[in-house]
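# Secondary and tertiary structure notes
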Amino acid sequence: MSATRDDTVWTIADAGEHVAAVVAHPDDESFGCGSLLAMASAIGAHVTVICATRGESGERRPDPTTDAWPLGLLREAELCQAAVVLGVDDVVILDYVDSGFAGPTPNGALVATPLTDLADDLAWRLGALEPDVVVTLDASDGHRDHRHVRDALSIAVGRLARPVRLVHSCLAQSLMREWVDVMRRTAPDRDYLALEQLGRPDDDLTAVDTSSVLAVRERAIACHLSQSSPFDDLPADLRRRFLTVDHVVEFQQVRS
């Protein structure tokens, strides 16, 4: 993989490169690829987060201090706080509507946006940024918005005038099997548990040691007070394995 530094350290970018993380919801940048972004920032890369929605269809964790806030506004603020923690330089929030995990889609829903239209929008924005690396979630958690962003982004990067490295931040199938076992005991009503398969086969993935930014990742996750993180209530060992090793697939020189 092109971003290998030595036998033990891997980051998605070199010092001076520009990383654009394209995600669907506030918290995806922290819950999903936060360690990758923190490591890129720490090594001296410029990091931009493009978030397609304000996450207004998410399930809200009660908080008397912020219960009166519109959820989308609250989650936008949480994203900006987490971005500061991760070392992100710029945050761009688009005006698509959070589709929710399942069920009828609201007006303007991200997942209802034609794939080519979303790809056009992302290609225009990425063309202006001229990133060297684009990272997104691989959607192996089954969320339809994550899948829509992933698929549109695959089209968008192929339209860019200069080649980029496209990185998927992935969920390892082996870890997700353990996660499912825990969730079935502690939160059996989660929508994700209805899916037949979660995660991506381990043999497809490159494991990245992200333990050096564990404390940063934990602080970024904690910024999203309105949301329950997927790591809540996990046994300490399993939580640490999720948060100290990231799994990626990199597609090099992606262009049409």
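The coordinates are above.
Residues numbered from 1 in each chain as written. Predicted model: local features only at pLDDT ≥ 70, side-chain atom pairs only at ≥ 80, totals over all residues. Heavy atoms only, no water.

### Structural notes on the overall build of the chain
Condition: By definition, any uninterrupted DSSP run of H or I lasting at least four residues is a helix, any uninterrupted run of E lasting at least two residues is a strand, and each is numbered from the N terminus. In this setup the radius of gyration rests on C-alpha atoms only. A globule is expected at 2.2 Å times the number of residues raised to 0.38. Burial classification: accessible surface area is computed with a 1.4 Å probe over protein chains only, and a residue below 20% of its type maximum counts as buried, one above 50% as exposed, and the rest as partly exposed. Residue contacts follow a heavy-atom distance rule, with two residues in contact if any of their heavy atoms lie within 4.5 Å.
Assigned secondary structure in the chain consists of eight helices and seven strands. Expected size for 256 residues packed as a compact globule is a radius of gyration near 18 Å; at 17 Å, the chain falls within 12% of this value. In terms of principal-axis extent, the alpha carbons of the chain reach across some 45 × 40 × 35 Å. When burial is assessed residue by residue, the chain has 52% of its 256 residues classed as buried. Counting contacts in the chain only where the partners sit at least 6 residues apart, residues at least 24 apart contribute 80% of the total.

### As for the packing of aromatic side chains
Quick reminder of the rule: Here the aromatic set is Phe, Tyr and Trp, taking the six-membered ring for Trp, and pairing holds for ring centres within 6.5 Å; pairs whose planes are under 30 degrees apart are stacked, those over 60 apart are edge-to-face, and all others are tilted.
Applying the stated rule across the entire model yields one aromatic pair. Ring centres 5.6 Å apart and planes at 55° place the aromatic pair Phe231 and Phe242 in the tilted group. Of this pair, Phe231 sits in the loop between α7 (214–222) and α8 (236–244) while Phe242 sits in helix α8; the two residues are 11 residues apart in sequence, bridging distant segments of the chain. Judged by relative accessible area, Phe231 falls into the buried class, the value being 5%. Given a relative accessible area of 9%, Phe242 falls into the buried group.

### Overview of the packing of helix α4 (residues 115–129) against helix α5 (residues 144–157)
Where we set the bar: Fitting a line to C-alpha atoms yields each axis, with helices limited to the stretch in contact; the angle taken between N-to-C directions then spans 0 to 180 degrees. Roughly parallel refers to an angle under 35 degrees, roughly antiparallel to one over 145, roughly perpendicular to one between 65 and 115, and oblique to any angle outside these ranges. In a left-handed crossing the near helix is turned counterclockwise from the far helix by less than a right angle, and in a right-handed crossing that turn is clockwise. Under the convention adopted here, Pro, Cys and the residues Ala, Val, Leu, Ile, Met, Phe, Trp and Tyr are nonpolar, Asp, Glu, Lys and Arg are charged, and Gly plus all remaining residues are polar.
At a closest axis distance of 8 Å, the pairing of α4 and α5 adopts a crossing angle of 60°. Relative to α5, the element α4 lies oblique. Handedness of the α4/α5 crossing: right-handed. Seen from α4, the contacting residues are Leu115, Leu118, Ala119, Leu122, Ala123 and Leu126; seen from α5, they are His148, Val149, Asp151, Ala152, Leu153, Ile155, Ala156 and Val157. Partitioning the contact of α4 with α5 into residue classes produces 12 nonpolar, one polar and one charged.

### Quick word on the packing of helix α6 (residues 173–186) against α8
Two elements in contact, α6 and α8, have axes separated by 11 Å at closest approach and are oriented at 145°. For the crossing formed where α6 meets α8, the hand is left-handed. Every residue of α8 that contacts α6 at Leu175, Met176, Glu178, Trp179 and Val182 is listed here: Leu238, Arg241 and Phe242. Residue classes in the contact of α6 with α8 are distributed as six nonpolar, no polar and two charged.

### Some remarks on the nonpolar core
Applicable threshold: We define a nonpolar core as any set of buried Ala, Val, Leu, Ile, Met, Phe, Trp, Tyr and Cys residues linked to one another through side-chain atoms lying within 4.5 Å.
Ile12, Val19, Leu36, Leu37, Val49 and Val135 are the most contacted members of the largest nonpolar core, which has 31 residues in total. Mapped by element, the contributors of at least two residues to this core are β1 (18–23), α2 (34–43), β2 (46–53), α3 (71–86) and β4 (133–137). Ranked by residues supplied to this core, first place goes to α2 with five residues. Setting aside anything within four residues of it in sequence, one finds Val135 in contact with Ile12, Val19, Ala20, Ala21, Val22, Leu36, Leu37 and Val167.

### A short note on α5
This is how the line gets drawn: Expected helix span is given by 1.5 Å per residue-to-residue step, counting one fewer step than there are residues.
Taking 1.5 Å as the rise per residue, α5 with 14 residues should run 20 Å; its terminal C-alpha atoms sit 20 Å apart, in good agreement. Three or more residues of α5 are buried, namely Arg144, Asp145, His146, His148, Val149, Ala152, Leu153, Ala156 and Val157.

### Details of the environment of Arg241
Topologically, Arg241 is positioned in helix α8. Judged by relative accessible area, which is 29%, Arg241 ranks as partly exposed. Along the sequence, Arg241 and Ala40 sit 201 residues apart, while their C-alpha atoms lie 20 Å from each other.

### Let's talk about the pattern of salt bridges
Cut-off, in case you're wondering: Salt bridges are counted wherever a side-chain nitrogen of Lys or Arg sits within 4 Å of a carboxyl oxygen of Asp or Glu.
Inspection of every chain in the model, using the stated rule, returns 15 salt bridges. Taking the shortest distance from any N to any O, the salt bridge between Arg200 and Asp138 comes out at 3.5 Å. Here Arg200, found in the loop between α6 and β6 (206–209), pairs with Asp138, found in the loop between β4 and α5; they are 62 residues apart in sequence, far enough to count as distant. The exposure class assigned to Asp138 is buried, which follows from its relative accessible area of 5%. Measuring nitrogen to oxygen at the nearest pair gives 3.1 Å for the salt bridge that ties Arg241 to Asp237. You can see Arg241 and its partner Asp237 sitting in helix α8, four residues apart, about one turn around the helix. Here the residues in one salt-bridge network are Glu17, Arg165 and Glu250, joined through shared partners.

Don't take any of this as a statement about function, it's just geometry.
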